[in-house]
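Tertiary structure, described
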Amino acid sequence: SNPVLHTEIKEHGIRVCGIHPPSTYNGTGFAFRRRKSEPWTLTEMIAANMLDHKTAGLLSYLIDGQNSLLITGPRSSGKTSLLTSLLLEIPQHNRIIIIEDTPEIPVKELRKLGFKIEHMKTEAFAKGFELSTEQALRTSLRLGDSVLVIGEVRGKEARALFEAMRVGASGNVVLGTIHGSSAYDTWDRVVNDLGVPSTSFKAVDNII
């Protein structure tokens, strides 16, 4: 009934994407993505030579200063892993609202560590009961003083995210990921492709 499969094998932390006829000429294709069982930390990233200690210290400092950050990079570059490591730098007395259409951030493990997280589900590939990302963002702003995290900025919800960065987050950390290859490429995509005014883009404190 549907030639495209998007699902998750929760007990193993594996995301599955599959496709078969009639959406292929011949044959079936699958991709399996398995996330790390425990959340990445900045210390682990230093040990794995993903960043140096000065960069890790700077990122921790930016989180402590309640900055608005966009993490950018190509597919499978580790954007969500870095995002997760930054969540561990947030004081646990803060409430964190995470908005995702596909669950990638290890919320269950973060909750076990003592973090207070509200995990909002948004529509991805089919219309259903889920909120749109834009609706979820606006709802999160009404939930009170919280750290705001959006799993990936893709479309018209970008306007709501930058509105949150400007006024809605009340000085709290705002984090998001977006596909891009550089700071300029990120600005170009947000402003020219997603239609966010350049004046609103200034709400981003740092692009990682």
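Look above for the structure.
So, a few notes on the structure that sits alongside this text.

Definitions and limits used
- Residues numbered from 1 in each chain as written.
- Predicted model: local features only at pLDDT ≥ 70, side-chain atom pairs only at ≥ 80, totals over all residues.
- Heavy atoms only, no water.
- Helix = DSSP H or I, 4+ residues; strand = E, 2+ residues; numbered from the N terminus.
- Rg over C-alpha atoms; globule rule 2.2 N^0.38 Å.
- Buried < 20%, exposed > 50% of the residue type's maximum accessible area, 1.4 Å probe, protein only.
- Contact = heavy atoms within 4.5 Å.
- Areas by Shrake-Rupley, 256 points an atom, 1.4 Å probe, with all protein chains shown as cover.
- Pairing = 2+ DSSP bridges.
- Right-handed = clockwise from strand over helix to strand, strands pointing away.
- Axes fitted to C-alpha atoms, helices over the stretch in contact; angles between N-to-C directions.
- Arc of directions from axis to C-beta.
- Polar contact = N/O pair within 3.5 Å; in protein donor to acceptor, adjacent residues only side chain to side chain.
- Core = buried A, V, L, I, M, F, W, Y, C linked by side-chain atoms within 4.5 Å.
- Salt bridge = Lys/Arg side-chain N within 4 Å of Asp/Glu carboxyl O.

1. As for the overall build of the chain
Tallying secondary structure elements over the chain gives eight helices and nine strands in all. A globule of 208 residues ought to have a C-alpha radius of gyration of about 17 Å, and the chain, at 17 Å, matches this closely. Considering only C-alpha atoms, the chain reaches an extent of 55 × 40 × 35 Å along its principal axes. In the chain, which comprises 208 residues, the proportion classed as buried is 42%. In the chain, the share of contacts with a sequence separation of at least 24, taken over all contacts with a separation of at least 6, comes to 52%. Per element, the accessible surface of the chain, about 11600 Å² overall, is 51% carbon and sulfur.

2. Brief notes about the pairing of strand β6 (residues 116-121)
The pairing of strand β5 (residues 95-100) with β6 spans six bridges and is classified as parallel. Of the residues in β6, the one forming a bridge with I98 is H119. For the handedness criterion, the β-α-β arrangement of β5, helix α4 (residues 107-112) and β6 is classed as right-handed.

3. Some remarks on the sheet that holds strand β2 (residues 14-19)
Reading across the sheet, the three strands line up as β1-β2-β3 and stay open at both edges, with antiparallel pairing between neighbours. Here the strands that pair on one side only, and so sit at the sheet edges, are β1 (4-9) and β3 (29-34). Across the sheet, the mean angle separating the axes of adjacent strands is 15 degrees when strand polarity is ignored. Across six bridges, β1 lies against β2 in antiparallel orientation. Considered in β2, the bridge of L5 is made with G18.

4. Points about helix α7 (residues 183-193)
Of all the positions in α7, only T186, V190 and V191 are classed as buried. In a view along the axis of α7, the buried residues occupy a sector of 110 degrees, so they form one face of it. Of the exposed residues in α7, the ones pointing more than 90 degrees away from its buried face are Y184 and D193. Note on α7: the residue one or two positions beyond its end, G195, has a positive phi of about 75 degrees.

5. A short note on the side chain of S146
The residue S146 is located in the loop between α5 (133-141) and β7 (147-150) in this model. Assessed through its relative accessible area of 8%, S146 is described here as buried. A polar contact of 3.0 Å, which involves the side chain of S146, links it to the side chain of R95.

6. Focus: the nonpolar core
If you look at the biggest cluster of nonpolar residues, it comprises 25 residues, and the most contacted ones within it are L86, L87, I96, I98, I105, V149 and L175. Leaving out residues up to four positions away in the same chain, L86 has contacts with L42, L59, I63, L69, I71 and L175. Residues I97, V190, L194 and A203 belong to the second largest nonpolar core, which totals 24 residues.

7. Quick look at the pattern of salt bridges
What the rule picks out here adds up to two salt bridges. Where E104 meets R15, a salt bridge forms, and the shortest distance between an N and an O atom there is 2.1 Å. In this pair, E104 sits in the loop between β5 and α4 while R15 sits in strand β2, placing the two residues 89 residues apart along the sequence. Measuring nitrogen to oxygen at the nearest pair gives 3.9 Å for the salt bridge that ties E104 to R33. Taken together, the positions of E104 in the loop between β5 and α4 and R33 in strand β3 put the pair 71 residues apart, joining distant regions of the chain. One network of salt bridges, in which partners are shared, links R15, R33 and E104.

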